[in-house]
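If you want the building blocks of each chain, they are given just below.
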Amino acid sequence: MLETERMRSHDGAWQPGLRESYLFDRNVIAEIQRASREGIYDIRGFGAKRRVPHFDDLLFLGASVSRYPLEGYRERCGTDVVLGTRFAKKPLELKIPVTIAGMSFGALSAPAKEALGRGASEVGTSTTTGDGGMTEEERRHSTTLVYQVLPSRYGMNPDDLRRGDAIEVVVGQGAKPGGGGMLLGHKISDRVAAMRNLPKGIDQRSACRHPDWTGPDDLEIKIHELREITDWEKPIFVKVGATRTYYDVQLAVKAGADAIVVDGMQGGTAATQDVFIEHVGIPTLPATRLAVDALEELGMHRQVQLIISGGIRTGADVAKALALGADAVSIGTAALIAMGDNSPEYDEQYRKIGSSAGFYDDWQAGRDPAGISTQDDELAARFDPVLGGRKIANYLRVLTLEAQTLARACGKSHLHNLEPEDLVALTVESAAMARVPLAGTNWIPGA
Amino acid sequence: MSAGRVIEIYKEVGRPPQFVEQFRLEDFEGSHGLGHTRMATESKVTTEGSHPFSTGLDLCLVHNGSLSNHNRLRERLRREGIDFQTENDTEVAAGYLAWRMREGASLEEALEGCLEDLDGFYTFLVGTADGFAVLRDPIACKPAVLAETDDWVAMSSEWRAIAVLPGAADARMWEPEPTVVYAWEKALV
Amino acid sequence: MAVETSEMTGVEIVDLASTPLRELNRRLHGLADGAPGPRRWRVLNPNGAHAVGCGLDADIDVEIEGHVGYYCAGMNKLATVRVHGNAGPGLAENLMSGTVIVEGSASQSAGATGRGGLLVVYGDASARCGISMKGIDIVVRGSVGHLSAFMAQTGCLVVGGDVGEALGDSIYEACLYVRGEVAGLGADCVEKGLEDEHVAELARLLERAGFDDLDPRDFRRYGSARQLYNFKIDNAGAY
């Protein structure tokens, strides 16, 4: 409401004869002015804000005469998925194909991490640690917890490695493929500093390469070590930011991954240079297609599971990612929003820190009025992990129900029976990227 | 696949033990040899894409790593008349060495030129008619071990490959410094 | 299975020429949490194998008779692992506690991200020794390569020989002691004075490593200038 008024007042500056530049629009002008004032690149949270081809550009072909739909609510549409069936003795058995992506304690408050665990556990899915180690809260409240191995190795230890239900070797993330982690000084509290063995209050810039391996040949040896340490029980995921996805997925398979997480450029971040977020990586849509191509060529599709993330918001996104060949998806940004990030409830306080509900992306700053992306005890105390967990569970249920609704309409008794052939594209771009025909045609550009 | 009078190059797609048997490696005689297995990163798993790449007469290159500016360099070298058969980054490095040496550079000079003109990660091993040379990029992530005795010199990614050689236990062993060209000729070995 | 117990010595012997690595590590892991079993082990014919004795969590002695590949004694807790040979990359990576000794030389990233315990190398260690170290103590009798102690957080790196380029680049609070030449210091790494407290600390480390023939006063100390801890535009060139 208030934001609308502000926009109106800005637009109110317009008079006949004034023309805003498309090239130098008000955001560009503001950024040049900021850069010249501050002398440092813009660091922010959230994910890419530019428009890119996405699952919205695809539509399902519901059943009609040639195909028969399933009854909603009454006829079963399965949602379960098993991740890590290739080598691990104990693969993850999830009730829904929507998991919670890795987000660090440090980036998020301890109660926020707890809420993610509570919500995921309530609906039978997994949550993931992050670049900062495992907290007791999240372990206690997560039935299924994926433990990340990152370049920084903050909080890394063999006990937590074994307490994890799966291991995720993080090579990169969609918001910044080729970049390392960041946590600015105001979020390095005593507890975060202790977990990361860092001085309090410093600006932490993590390495972009792992300290003890480089390249796919080393990765194979690293994965072998992790398997030996955990006695071949845990599934090992490899997470990559989407760029040269076809090669990266094939190399992850060759290096011995049980499952591969591909994070498209829309994937969120707590703190990254804006230029990195908006200009590196490929969208989730083409990344999904390339990843499936890579797996199919190796004969490993469904043998090595594919988890897609980066801009999953609705059950439609879930269903479309699965139809293109993903085994599961992960949510990050959407989960934070579900817990109360950018809630109008806090609009007044967002305004005090120069933002507004619906626009807040200063997750790096640690001043989150919602108590999620902060290490300030007072702010974090506002966040109720039980209520937050319930919201996460509700949201995950809605995503699942929506995906089931679409799958039933296509006549599927399991989400995994969705196929690319159930989809058409609305735009030439999305048709080319997803390799499905433009709606009403048989045309797949570039095929 | 060899170009030259002294060096012979054999390549195949498959497992090393099959290769050894197929080409009867144990019957080979000579003063020095290079062996390489490849985990293809961006180009295809083919015989053509296998290392070593011939860098001209009696010169060949194997590479561990991944270059990041080889596409434009390949175009530049094509204009200089260097032929390329694959999209492989290592072939570009080989072509670069061939071009520099054609223009009059010594092997050492050509390798030093890599530090200026090649971007990315590389541990290079170059075989010549009478010896070999080693170079690592400035960051030097990809492994390399050198060992030397009065009787032989060896280079490998891992010590285990050298450890089986006679007298390896007493060899002088070290890891090559980044950006330093190491070269041996038979006369000196 | 080629496992035999020498009744005379009480040493459990595992020959990796005939026993799979998985079997060795499985048996060693079985000793965690005070579980009964042999406390002294000898591993024969490692032949450069990777991940030998990784993930141990018991107060045991493991002697490895030969060369090992990547990640030997990775994430070790409590155990003492001694390699009578050379070690490949990532030796004792993320060491938690206990002691790892290599009588030969170690390849790159030795002691990477280690959080505790002691790593001793009799020969040289190469590039990135002690990268991202988080509390481990590393004592190298010989020299170390370039980018050693990169982003080193806490703990001590002691080098009896020389050091390659960019020592301690982007270092945090780790303490570096070098006896020989330093080819170059990395960003934000500076030489600091060697006070009595440092001499005492160094003497303790050298003694624990068994190098008490080295005089701690022959070393120089390096650490963080702490100029890059918070971004300042004037330092942009150093990033």
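That block above? That's the structure.
So, here is what we can say about the structure in this document. (Residues numbered from 1 in each chain as written. Chains lettered and ligands numbered in written order. Predicted model: local features only at pLDDT ≥ 70, side-chain atom pairs only at ≥ 80, totals over all residues. Heavy atoms only, no water.)

**A short note on the overall build of chain C**
A count of helical and extended segments in chain C gives two helices and 12 strands. Seen in sequence order, chain C has helices and strands lined up from the N terminus as β-β-α-β-β-β-β-β-β-β-β-β-α-β. The C-alpha radius of gyration computed for chain C amounts to 19 Å, which stays within 12% of the reference 18 Å derived for 239 residues, consistent with globular compactness. Each of the 239 residues in chain C was classed as buried or not, and the buried ones make up 62%. Sequence separation of at least 24 residues holds for 25% of the intrachain contacts in chain C that already meet a minimum separation of 6. Of the roughly 8400 Å² of accessible surface on chain C, 46% is carried by carbon and sulfur atoms. For chain C, the distance from the average position of its 21 positive side-chain charges to the average position of its 32 negative side-chain charges is 4 Å. (Helix = DSSP H or I, 4+ residues; strand = E, 2+ residues; numbered from the N terminus. Rg over C-alpha atoms; globule rule 2.2 N^0.38 Å. Buried < 20%, exposed > 50% of the residue type's maximum accessible area, 1.4 Å probe, protein only. Contact = heavy atoms within 4.5 Å. Areas by Shrake-Rupley, 256 points an atom, 1.4 Å probe, with all protein chains shown as cover. Lys, Arg positive; Asp, Glu negative; His and termini not counted. Charge placed at Lys NZ, Arg CZ, Asp CG, Glu CD.)

**A word on the pairing of strand β15 (residues 328–331) of chain A**
All names here are of chain A. By the alternation rule, side chains of β15 split into Ala 328 and Ser 330 and Val 329 and Ile 331, which are all buried. With three bridges connecting them, strand β14 (residues 305–309) and β15 associate as parallel partners. Bridging from a neighbouring strand, Ser 309 pairs with Ser 330 of β15. At this point the chain moves from β14, through helix α11 (residues 315–324), to the parallel β15, and the crossover so formed is right-handed. (Pairing = 2+ DSSP bridges. Right-handed = clockwise from strand over helix to strand, strands pointing away.)

**Some points on the environment of Ala 193 of chain A**
Residue and element names in this part refer to chain A. Residue position: Ala 193 is located in helix α6 (residues 190–196). Here the alpha-carbon distance between Ala 193 and Gln 204, two residues 11 residues apart in the chain, equals 9.9 Å. Excluding anything up to four places from it in sequence, Ala 193 contacts Ile 188, Leu 198, Pro 199 and Lys 200.

**A few points about unusual backbone geometry**
Going from His 51 of chain B to Pro 52 of chain B, the amide bond is cis rather than trans, its omega being 0 degrees. The residue Pro 52 of chain B is located in the loop between α1 (16–22) and β1 (53–54) in this model. The phi angle at Ser 132 of chain C is positive, at roughly 55 degrees, despite the residue not being glycine. Position of Ser 132 of chain C among the secondary structure elements: in the loop between β7 (118–121) and β8 (134–140). Judged by relative accessible area, which is 5%, Ser 132 of chain C ranks as buried.

**Examining the interface of chain C and chain A**
Facing 36 residues of chain C, the contacting portion of chain A comprises 39 residues. Summing both partners gives a buried area of about 3100 Å² for chain C against chain A, and 55% of it is carried by carbon and sulfur. Among the salt bridges present, the one from Asp 159 of chain A reaches Lys 77 of chain C, with a minimum N-O distance of 2.6 Å. Across the contact surface, chain C and chain A share 20 residue pairs in polar contact (both at pLDDT 80 or more). Considering every element that reaches the side of chain C that touches chain A, the biggest residue donor is helix α1 (residues 21–29) of chain C, with five residues. (Buried area = accessible area lost by both parts, 1.4 Å probe. Salt bridge = Lys/Arg side-chain N within 4 Å of Asp/Glu carboxyl O. Polar contact = N/O pair within 3.5 Å; in protein donor to acceptor, adjacent residues only side chain to side chain.)

**Describing the sheet that holds strand β5 (residues 145–148) of chain B**
Residue and element names in this part refer to chain B. Across the sheet, three strands lie side by side as β6-β5-β7; this open sheet has antiparallel pairing. Whereas interior strands pair on both sides, the edge strands pair on one side only; in this sheet they are β6 (153–156) and β7 (172–174). Direction aside, the axes of adjacent strands within the sheet are offset by 15 degrees on average. In the sheet, β5 pairs with β7 via three bridges, with the strands oriented antiparallel. What sits directly across from Glu 148, in β7, is Arg 172. (Axes fitted to C-alpha atoms, helices over the stretch in contact; angles between N-to-C directions.)

**What to know about the nonpolar core**
Among the nonpolar cores identified, the biggest contains 144 residues, and Val 262 and Ile 331 of chain A together with Leu 91 of chain C are the most heavily contacted of them. Broken down by element, the residue count for this core peaks at seven residues, all from helix α15 (residues 385–409) of chain A. Those residues in contact with Val 262 of chain A, other than ones at most four positions away along the chain, are Val 240, Ala 242, Thr 245, Val 249, Ala 287, Ala 291, Leu 306, Ile 307, Ile 308 and Ser 309 of chain A. Among the nonpolar cores identified, the runner-up in size contains 26 residues, and Trp 99, Leu 107, Tyr 122 and Phe 124 of chain B belong to it. (Core = buried A, V, L, I, M, F, W, Y, C linked by side-chain atoms within 4.5 Å.)

**So, the packing of helix α3 (residues 89–102) of chain B against helix α4 (residues 107–117) of chain B**
Residue and element names in this part refer to chain B. Packing of α3 against α4 brings their axes to within 9 Å, and their N-to-C directions diverge by 125 degrees. The angle between the axes of α3 and α4 places the two elements in the oblique class. Relative to α4, α3 is oriented so that their crossing is right-handed. Along the contact surface, α3 presents Tyr 96, Leu 97, Arg 100 and Met 101, while α4 presents Leu 107, Glu 109, Ala 110, Leu 111, Gly 113, Cys 114 and Asp 117. Its residues assigned to classes, the contact of α3 with α4 shows seven nonpolar, one polar and three charged. (Parallel < 35°, antiparallel > 145°, perpendicular 65-115°, else oblique. Left-handed = near helix turned anticlockwise from the far one by under 90°. Nonpolar A, V, L, I, M, F, W, Y, C, P; charged D, E, K, R; others polar.)

**Some thoughts on the side chain of Glu 168 of chain A**
Residue and element names in this part refer to chain A. For Glu 168, the position within the fold is in strand β8 (residues 166–170). Buried charge without a salt bridge: Glu 168, with Lys 239 as the nearest opposite-charge side chain at an N-O distance of 4.5 Å. Those residues within four positions of Glu 168 in sequence are excluded, and the remaining contacts are Thr 128, Val 146, Tyr 147, Gln 148, Val 149, Phe 237, Lys 239 and Val 261.

**So, the packing of aromatic side chains**
Inspection of the entire model under this criterion finds 16 aromatic pairs over all chains. Relative to Tyr 229 of chain C, the ring of Tyr 172 of chain C has its centre 5.9 Å away and its plane inclined at 40 degrees; by these criteria the two rings are tilted. Residue Tyr 172 of chain C is found in the loop between β9 (154–159) and β10 (175–178), and its partner Tyr 229 of chain C is found in the segment after β12 (220–224); the two are separated by 57 residues along the sequence. Take Tyr 172 of chain C and Tyr 229 of chain C: they sit in the same class, and that class is buried. By way of ring pairs, the aromatic residues Tyr 10, Phe 19, Phe 23 and Phe 28 of chain B are connected into one cluster. We note Arg 172 of chain B situated over the ring of Trp 174 of chain B; from NZ or CZ to the ring centre the distance is 4.0 Å. Sitting over the face of the ring of Phe 211 of chain C, Arg 141 of chain C holds its NZ or CZ atom 5.2 Å from the ring centroid. (Phe/Tyr/Trp six-rings, centres within 6.5 Å; stacked < 30°, edge-to-face > 60°. Lys NZ or Arg CZ within 6 Å of the ring centre and 35° of its normal.)

**What to know about the pattern of salt bridges**
Under the definition given, this model contains 54 salt bridges over all chains. The partner of Arg 139 of chain A in a salt bridge is Asp 165 of chain A, and the shortest N-O contact between them spans 3.1 Å. Of this pair, Arg 139 of chain A sits in helix α4 (residues 136–141) while Asp 165 of chain A sits in the loop between α5 (158–163) and β8; the two residues are 26 residues apart in sequence, bridging distant segments of the chain. One salt-bridge network, held together by shared partners, links Arg 153, Asp 212, Lys 222 and Glu 225 of chain A together with Glu 93 of chain C.

**Let's talk about the sheet that holds β14 of chain A**
Residue and element names in this part refer to chain A. Strand order in this open sheet of eight strands is β5-β15-β14-β12-β11-β8-β7-β6, and the pairing throughout is parallel. The open sheet has two edge strands, β5 (98–100) and β6 (126–128), and neither has a second partner. Averaged over all pairs of adjacent strands, the angle between their axes in this sheet comes to 30 degrees, without regard to strand direction. Two strands pair when backbone bridges link them, and β8 and strand β11 (residues 236–241) are joined in this way by four bridges, in the parallel orientation. Of the residues in β11, the one forming a bridge with Val 169 is Val 238. On top of the sheet, α11 reaches β5, β14 and β15; it is set at about 140 degrees to β15, its chief contact. Relative to the sheet, α15 contacts β5 and β15, its axis offset from that of β5 by approximately 150 degrees.

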